[in-house]
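Per-entry structural report
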Amino acid sequence: MHFEDFKLNQSVNEGIAAIGYTAPSPIQELAIPIILEGKDLIACAQTGTGKTAAYLLPVIHQIITAAERNDKVKALIIAPTRELAIQIDQQMEGFSYFTGISSIAIYGGGTGMDYEAEKKALTSGAEIIVATPGRLISHLNMGYVDFSGLKHFIMDEADRMLDMGFLPDIQKILSHLPKTRQSLMFSATMPAEIRRLASGILINHEEINLAVSKPAENVLQGAYFVYDHQKIPLIESLIAKRDLPLILIFSATKNHVKELEKALKQRAFNVKAIHSDLEQEQRKEVLNQFKNREIQILVATDIVSRGIDIDDISLVINFNVPGDAEDYVHRVGRTARAEKSGLAITFINENEYGKFTRIEQLIQSTVIKLKLPEGLGEGPKPEDFKRSPGKRKFIPRRNSKPRK
Ligand code: AMP
């Protein structure tokens, strides 16, 4: 399928081409036609699936092709955190570049000047608002926000908003919106309380459920709670005890990958690294050496996790908790290929417990937590972790700048 098949306005297609997307992702293929028809929708899709463009593109198209164009707010997107609001706003900026549409992100905690700029945008004409609930409520309380021209209401990461206790804020925001509008909800999970919320907000809605990917059943998954300084000794201990010809270790960034390669070399391991600083030819060479078992340990960033097609990887180690469930599934999927069983171990430090719990929720299984081997000392305990499972602390900090 091609983006042209959606028959979006030419200026939107130009934005998509400028950003460099070549084909729609599955959630986009499913959601865009429904949204273009003006229907309400609930979509179960994780971050990383392209869900933001799935609602931004058809909403932008509808706004710029509407019979009536005026300065009123046409679309409101609410998101649980400022990080997500910023990400949405950045994508918005790319897509709307050729359309002349105006938007603003409102995400709390800024200076008086930011507040004034937000107030101006809210009163005189940003067509699309991306906001975190708390900050929007403080503007709504001042009485000047005019949502009478609003046509589209979008909740992104609805499950996280409920987790963070935003339900009363959401209800308050809804009370300010016109009853006739298109409402869209995106959520990574679909628990009963999300369905309850959806039934109160959406009318005659459509539903999309992208199957949550899960690691293959024959992957044995385990995890250790470790401090960073214990990670390399733990690798030594894991490898020493087993006959493991091919080991793939994932780390978050290319710098971490390079450091890890160095540290393991110093301990006399047969190791090489692969990351985006290497030329294509060099990457191929390293992968071939790994395939031919000339090297035992390959340290990599996620760039290779999707592409590596090597059977018989005996152990995958996540040196850090991956960014999202999709990355986790892709990393872990490098072992246990072709019906063989495999082992995947994740290291969780004291800052990553919440992130890992969320991955467990998405893959719908609890990964066995293993006891650190003798001699490594005590690892962090769950009660030491900074975040409670599945919840994230919301720290409003700074404010957005208006555009246009
Ligand atoms: P999201 O799930 O909306 O957070 O998007 C995840 C990432 O995928 C973002 O960096 C998007 O820019 C990117 N993305 C979204 N749709 C596409 C697409 N059709 N082709 C390539 N990248 C995409």
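Refer to the preceding data block for the structure.
Residues numbered from 1 in each chain as written. Predicted model: local features only at pLDDT ≥ 70, side-chain atom pairs only at ≥ 80, totals over all residues. Heavy atoms only, no water.

Each helix and strand in the protein chain was counted, giving 14 helices and 14 strands. Burial statistics for the protein chain: of 404 residues in total, 53% are counted as buried. Taking as baseline every contact in the protein chain between residues at least 6 positions apart, the subset at least 24 positions apart corresponds to 78%. Summing over all exposed atoms, the protein chain offers an accessible surface of approximately 18500 Å²; the carbon and sulfur share of this is 50%. (Helix = DSSP H or I, 4+ residues; strand = E, 2+ residues; numbered from the N terminus. Buried < 20%, exposed > 50% of the residue type's maximum accessible area, 1.4 Å probe, protein only. Contact = heavy atoms within 4.5 Å. Areas by Shrake-Rupley, 256 points an atom, 1.4 Å probe, with all protein chains shown as cover.)

Per the stated rule, a full pass over the model turns up 9 aromatic pairs. Both rings, one in Phe225 and one in Tyr353, keep their centres 5.5 Å apart while their planes meet at 80°; by these two values the pair is edge-to-face. With Phe225 in strand β8 (residues 219–225) and Tyr353 in helix α14 (residues 353–363), this pair connects stretches of sequence that are 128 residues apart. For the pair shown, Phe225 and Tyr353 are each scored as buried. Through a chain of ring-to-ring contacts, the aromatic side chains of Phe3, Phe6, Tyr21 and Phe95 assemble into a single cluster. The ring of Phe319 has Lys231 sitting right over it, with the charged end atom 5.0 Å from the ring centre. (Phe/Tyr/Trp six-rings, centres within 6.5 Å; stacked < 30°, edge-to-face > 60°. Lys NZ or Arg CZ within 6 Å of the ring centre and 35° of its normal.)

When two helices pack together, their arrangement is given by the angle between their axes and by how far apart the axes lie. Remark: helix α1 (residues 10–19) packs on helix α4 (residues 82–95), axes separated minimally by 8 Å, with the N-to-C direction vectors making an angle of 115°. Between α1 and α4, the contacting residues are Ser11, Gly15, Ile16 and Ile19 on the first element and Gln91, Gly94 and Phe95 on the second. Across the contact of α1 with α4, the residue classes tally to 3 nonpolar, 4 polar and no charged. (Axes fitted to C-alpha atoms, helices over the stretch in contact; angles between N-to-C directions. Nonpolar A, V, L, I, M, F, W, Y, C, P; charged D, E, K, R; others polar.)

Before going further, it helps to spend a moment on the site of the ligand. The environment of the ligand is formed by 13 residues, the closest being Tyr21, Gln28, Gly48, Gly50 and Thr52. Within the side chain of Tyr21, an N or O atom sits 2.4 Å from an oxygen atom of the ligand. One of the side-chain N or O atoms of Gln28 is found 2.7 Å from a nitrogen atom in the ligand. Its residues assigned to classes, the shell around the ligand shows 4 nonpolar, 8 polar and 1 charged. (Near = heavy atom within 4 Å. Polar contact = N/O pair within 3.5 Å; in protein donor to acceptor, adjacent residues only side chain to side chain.)

This brings us to the pattern of salt bridges. Any two side chains of opposite charge can pair, given that their charged atoms come close. Scanning the model with the defined rule gives 15 salt bridges in all. Salt-bridge contacts for Arg135 lead to Glu118; the nearest nitrogen and oxygen are separated by 2.8 Å. With Arg135 in helix α6 (residues 133–142) and Glu118 in helix α5 (residues 112–123), this pair connects stretches of sequence that are 17 residues apart. Across the pair Glu360 and Lys369 runs a salt bridge, and its minimum N-O distance is 2.7 Å. According to the relative accessible area criterion, Lys369 is partly exposed, its value standing at 30%. (Salt bridge = Lys/Arg side-chain N within 4 Å of Asp/Glu carboxyl O.)

What follows covers helix α8 (residues 167–175). Here α8 has its buried residues at Ile170, Ile173 and Leu174. An end-on view of α8 places all buried positions within 100° of arc, on one side of the element. Across from the buried face of α8, at angles greater than 90 degrees, the exposed residues are Pro168 and Ser175. Against the buried residues of α8 lie β2 (75–78), α6, β5 (152–155), α7 (158–163) and α9 (192–201). (Arc of directions from axis to C-beta.)

This part is about the side chain of Arg181. The residue Arg181 is located in the loop between α8 and β6 (182–187) in this model. It is Asp40 that comes nearest to the buried, bridge-free Arg181 among opposite-charge side chains, at 6.5 Å. There is a polar contact of 3.2 Å between the side chain of Arg181 and the backbone oxygen of Pro178. Here Arg181 is in contact with Asp40, Leu150, Lys151, Phe153, Leu174 and Ile201, once residues within four sequence places are set aside. (Lys, Arg positive; Asp, Glu negative; His and termini not counted.)

Grouped together as the largest cluster of nonpolar side chains are 39 residues, with contacts concentrated most on Leu41, Tyr55, Leu57 and Phe186. Residue contributions to this core peak at 9 residues, all from helix α3 (residues 51–65). Excluding anything up to four places from it in sequence, Tyr55 contacts Ile35, Ile77, Ile88, Ile154, Asp156, Leu184 and Phe186. Counting residues in hydrophobic clusters, the runner-up holds 38 residues, among them Cys44, Ala126, Ile137 and Ala198. (Core = buried A, V, L, I, M, F, W, Y, C linked by side-chain atoms within 4.5 Å.)

Let us look at α4. Helical geometry note: an α-helix holds 3.6 residues per turn, so side chains three or four residues apart project in the same direction. For α4, which comprises 14 residues, the first-to-last C-alpha distance of 20 Å matches the rise-based estimate of 20 Å (1.5 Å per residue) to within 8%. Every buried residue of α4 is listed here: Arg82, Leu84, Ala85, Ile88, Asp89, Met92 and Phe95. Taken around the axis of α4, the buried residues stretch over an arc of 155°, which confines them to a single face. (Expected span 1.5 Å × (residues − 1).)

Following the sequence through the fold, Val332 ends up in helix α13 (residues 325–332). Each residue touching Val332, except ones within four places of it in the same chain, is listed here: Pro215, Val219, Gln221, Asn318 and Ala344.

Following the sequence through the fold, Val316 ends up in strand β12 (residues 315–318). Residue Val316 is classed as buried on the basis of its relative accessible area of 0%. Along the sequence, Val316 and Ile345 sit 29 residues apart, while their C-alpha atoms lie 6.2 Å from each other. Aside from chain neighbours lying at most four places away, what touches Val316 is Leu248, Phe250, Arg331, Arg334, Thr335, Leu343, Ala344 and Ile345.

A few words on the sheet that holds strand β10 (residues 271–274). Taken in spatial order, the 7 strands line up as β10-β11-β9-β12-β13-β8-β14 in an open sheet, and their pairing is parallel. Both outer strands of the open sheet, β10 and β14 (368–370), are each paired with one neighbouring strand and no more. Taken pair by pair, the neighbouring strands of this sheet meet at an average axis angle of 25°, ignoring direction. Relative to strand β13 (residues 342–348), β12 runs parallel, the two sharing 4 bridges. Opposite Leu315, over in β13, you have Leu343 as the bridge partner. Along the sheet face, helix α11 (residues 254–266) touches β9 (247–250), β10 and β11 (297–300) and points at about 175° away from the line of β10. Here helix α12 (residues 280–291) sits on the sheet in contact with β9, β10 and β11, set at roughly 140° to β10. (Pairing = 2+ DSSP bridges.)

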